[in-house]
Amino acid sequence: MLRSPMARLVVMIILMVGLMVPLLMIYALVYDRTTMRSQAAETFQREWGGTQTLAGPVLTIPYRHAWRDAQGVAHEKTERFFLLPESVAFEGTVEPEVRARGIFEIVVYTARLKVTGRFPKPDLSQTRPSPTIVDWAAATVDIGISDPRGIARGIVIAIDGRAVQARPGVTPNGIFPVGVRGFLQDISADADPLAFEFEIHVKGTQALLFLPGGDETVVTLASSWPHPSFVGGPRERTSTGAGFTASWQVPFFGRGFPSQWTTADLSANEGHVRASTTTFGVTLIRPVDVYLQTERAVKYAALFIVLTFVTAFLWEVAGRALVHPIQYTFVGFALCLFYLLLLSLAEHIGFDRAYALAAGGTIGLVSWYWTWVLNGASRGTVMGGVLAGLYGFLYLLLRLEDYALLAGSIGLFVVLALVMFMTRRVDWYNLKLGTQE
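Residues numbered from 1 in each chain as written. Predicted model: local features only at pLDDT ≥ 70, side-chain atom pairs only at ≥ 80, totals over all residues. Heavy atoms only, no water.

Within the protein, the secondary structure is distributed over 8 helices and 18 strands. Within the protein, residue pairs in contact and separated by at least 24 positions form 76% of the contacts whose partners lie at least 6 positions apart. Total accessible area computed for the protein in this model is approximately 21900 Å², and 60% of it derives from carbon and sulfur atoms. (Helix = DSSP H or I, 4+ residues; strand = E, 2+ residues; numbered from the N terminus. Contact = heavy atoms within 4.5 Å. Areas by Shrake-Rupley, 256 points an atom, 1.4 Å probe, with all protein chains shown as cover.)

What follows concerns the sheet that holds strand β16 (residues 243-251). Strands sit in the order β8-β7-β11-β4-β3-β13-β16-β15 across an open sheet of 8 strands; the sheet is mixed. Both outer strands of the open sheet, β8 (162-165) and β15 (236-240), are each paired with one neighbouring strand and no more. On average, each strand axis in the sheet is tilted by 15° relative to the strand beside it, whichever way the strands run. Of the strand pairs in this sheet, strand β3 (residues 87-101) and strand β13 (residues 216-223) are connected by 8 bridges, and their pairing is parallel. By the bridge assignment for β13, glycine 92 is matched with leucine 221. (Pairing = 2+ DSSP bridges. Axes fitted to C-alpha atoms, helices over the stretch in contact; angles between N-to-C directions.)

Right, let's talk about the packing of aromatic side chains for a bit. According to the stated counting rule, one finds 16 aromatic pairs in the structure shown. Ring centres of phenylalanine 338 and tyrosine 355 lie 5.5 Å apart, and the angle between their planes is 90°; on these two criteria the pair is classed as edge-to-face. Linking phenylalanine 338 in helix α5 (residues 325-349) with tyrosine 355 in helix α6 (residues 351-373), this pair joins segments that are 17 residues apart in sequence. According to the relative accessible area criterion, phenylalanine 338 is buried, its value standing at 0%. The class for tyrosine 355 is buried, based on a relative accessible area of 5%. Geometrically, the ring pair formed by phenylalanine 338 and tyrosine 391 is tilted, given 4.5 Å between the ring centres and 50° between the ring planes. (Phe/Tyr/Trp six-rings, centres within 6.5 Å; stacked < 30°, edge-to-face > 60°. Buried < 20%, exposed > 50% of the residue type's maximum accessible area, 1.4 Å probe, protein only.)

Put simply, the second largest pocket is a space of about 530 Å³. Of all elements in the fold, only α4 (301-319), α7 (377-400) and α8 (404-422) reach the threshold of two or more residues within the lining of the second largest pocket. (1 Å grid on protein atoms, 1.4 Å probe; cavity = no way out; pocket = protein on both sides within 12 Å on 5 of 7 lines; lining within 4 Å. Points joined across faces, edges and corners; volume = space filled by probe spheres on them.)

Attention now moves to α5. An α-helical turn contains 3.6 residues, so a residue and the one three or four places further along point in the same direction. Here α5 spans 36 Å end to end across 25 residues, near enough to the 36 Å set by a 1.5 Å rise per residue. Residue glycine 350 follows α5 closely and has a positive phi angle near 95°. (Expected span 1.5 Å × (residues − 1).)

Running from N to C, helix α3 (residues 290-299) and α5 point in directions that differ by 170°, and their axes come no closer than 10 Å. The angle between α3 and α5 places the two elements in the roughly antiparallel class. Taking contact as the criterion, the partners of Val290, Tyr291, Thr294, Ala297 and Val298 in α3 are, on α5, Tyr339, Leu342, Leu343, Ala346 and Glu347. (Parallel < 35°, antiparallel > 145°, perpendicular 65-115°, else oblique.)

Examined bridge by bridge, β3 and strand β4 (residues 104-119) share 15 bridges and lie antiparallel to one another. Its bridge partner being in β4, glycine 92 is matched across the sheet by leucine 113. Counting the residues that bridge the hairpin from β3 to β4 gives 2 residues, and of these glycine 102 lies at a positive phi of roughly 70°. Across 12 bridges, the pairing between β4 and strand β11 (residues 194-205) is antiparallel. Note on β11: the bridge partner recorded for threonine 110 is lysine 203.

This brings us to the side chain of glutamate 79. Summarising the element assignment, glutamate 79 is placed in strand β2 (residues 74-83). On the accessibility criterion, glutamate 79 (6% relative accessible area) is buried. Side-chain polar atoms of glutamate 79 contact the side chain of threonine 263, separated by 2.3 Å. Here glutamate 79 is in contact with Ile61, Pro62, Tyr63, His65, Thr263 and Ala264, once residues within four sequence places are set aside. (Polar contact = N/O pair within 3.5 Å; in protein donor to acceptor, adjacent residues only side chain to side chain.)

Moving on: the pattern of salt bridges. Oppositely charged side chains can form a pair if their charged atoms are brought close together. Taken as a whole and judged by the stated rule, the model has 9 salt bridges. For the salt bridge of glutamate 97 with arginine 99, the shortest nitrogen-to-oxygen distance reads 2.5 Å. Between arginine 153 and glutamate 199 there is a salt bridge, with the nearest N and O atoms lying 2.8 Å from each other. Of this pair, arginine 153 sits in the loop between β6 (140-145) and β7 (156-159) while glutamate 199 sits in strand β11; the two residues are 46 residues apart in sequence, bridging distant segments of the chain. A residue is classified by how much of its surface remains accessible, and glutamate 199, at 38% relative accessible area, is partly exposed. (Salt bridge = Lys/Arg side-chain N within 4 Å of Asp/Glu carboxyl O.)

Look at α3 against α7: their axes get within 10 Å of each other, and the N-to-C directions meet at 130°. Taken together, the axis directions place α3 and α7 in an arrangement best described as oblique. Considering how the two elements wind past one another, α3 and α7 form a crossing that is right-handed. Each of Gln293, Arg296 and Ala297 in α3 lies in contact with α7, whose residues at this interface are Leu394, Leu397, Leu398 and Arg399. Taken together, the residues that form the contact of α3 with α7 break down as 4 nonpolar, 1 polar and 2 charged. (Left-handed = near helix turned anticlockwise from the far one by under 90°. Nonpolar A, V, L, I, M, F, W, Y, C, P; charged D, E, K, R; others polar.)

Turning our attention to unusual backbone geometry. Here glycine 56 and proline 57 are connected by a cis peptide whose omega angle stands at 5°. Of note, proline 57 is situated in strand β1 (residues 52-68). Its identity is not glycine, yet glutamine 206 carries a phi of approximately 70°, on the positive side. Its location among the elements puts glutamine 206 in the loop between β11 and β12 (207-210).

Taken together, the side chains of Leu396, Leu400, Tyr403, Leu406, Ile410, Phe413 and Val414 present a nonpolar region at the surface, about 720 Å² in accessible area. Elements that contribute at least two residues to the nonpolar patch include exactly α7 and α8. Counting residues per element, the nonpolar patch draws most heavily on α8, at 4 residues. Looking at the secondary structure, you find leucine 396 in helix α7. What makes leucine 396 partly exposed here is its relative accessible area of 42%. (Patch = residues over 30% accessible without salt bridge, like charges linked within 9 Å, V, L, I, M, F, W, Y side chains within 5 Å.)

To continue, consider the nonpolar core. Membership of the largest hydrophobic core comes to 49 residues, with the highest contact counts inside it found for Phe338, Tyr339, Tyr355, Trp370, Tyr391 and Leu394. The set of elements that each furnish at least two residues to this core consists of α1 (5-48), α3, α4, α5, α6 and α7. Broken down by element, the residue count for this core peaks at 10 residues, all from α5. When neighbours within four sequence positions are excluded, phenylalanine 338 is seen to be in contact with Tyr355, Ala358, Ala359, Thr362, Tyr391 and Leu394. Phe81, Leu83, Ala111 and Phe119 belong to the second largest nonpolar core, which has 47 residues in total. (Core = buried A, V, L, I, M, F, W, Y, C linked by side-chain atoms within 4.5 Å.)

Next up, the structure:
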């Protein structure tokens, strides 16, 4: 029975199913470490600043309108008129930095931006309901900043030749919920188009996004970070190992919301939801996320165990040698420990070097063990070569990303064809394994 190919195949299948338990435990460990990294990033974001979305500015003008009801009772209500710029331009740099929280690394940045643009002349004549009184003295310029904790220094808005100090808080406008605002105080109904200019230094984590706030919005960024992921399709971009430059130009029709509106036009959060879908900008990505790469590698673990066991079984078929199920189990555990080594090393020395060390150690251990199992150094060398090919193939799959499925499918087809070719003359009905009958 022990020398029956079918019986030994059944035993191998049971062993492979049993090895799924440690693999699932390793997969859960990868998930736990990923969660810990995310928690560390969230803690750091609370101190430094999260993903930043910049919006506006918006010119906000309060007004009151009065009416009488059917009983002749007078009523008055305060509304607000919101006006976006004719044009707005953001230009500046994104200075990246990798910060560590324990063994976890987080990409942060400081954006230093100069913002220029112009508001059209405010015209409330078409506003409905018609204003009774326009409170020009309470007009504000609101700037949206999704995480104000990241503001690195005070913001002074130069508008129409006057310097206005920005303060925390914005008037709810349906476009952005938080930010800063400056009180204009002496704007009047006869105001000409209002030119504005200010600088903003803001700290954030990973991504810097913009809301198209003008009839024409232009953003130009430069950074030394070599791995950008652009959001919204920049008009021009360059990316090299020394950094990137990118520029976006979003016209009125690409914005998706009007140039002016009032609080009466807003429904609950509708404006903000529409606006949030039009953001664009850049994300500073880590090209090799050790947890994502390890997770992808673990997904191929079952396939690796199957291919290694099939290779060992072919030795039994061709070499008339018996391999004990315990010996299969030891080899299977060695293959499982590869992923644990990969994860633990990658957290400290990076994925590429961790992969080389973990794969080299696993190949060396199994090759040495196989030499004693089959009583031959050449057989151990061949097994080491097979494992080296498998781990090289896995590394290729992890690096290909978009083409991993195609490469994996072709690779498996080639392996299956090779096994079928090597066993094409085997008489499975009369095959007996081992050197003794």
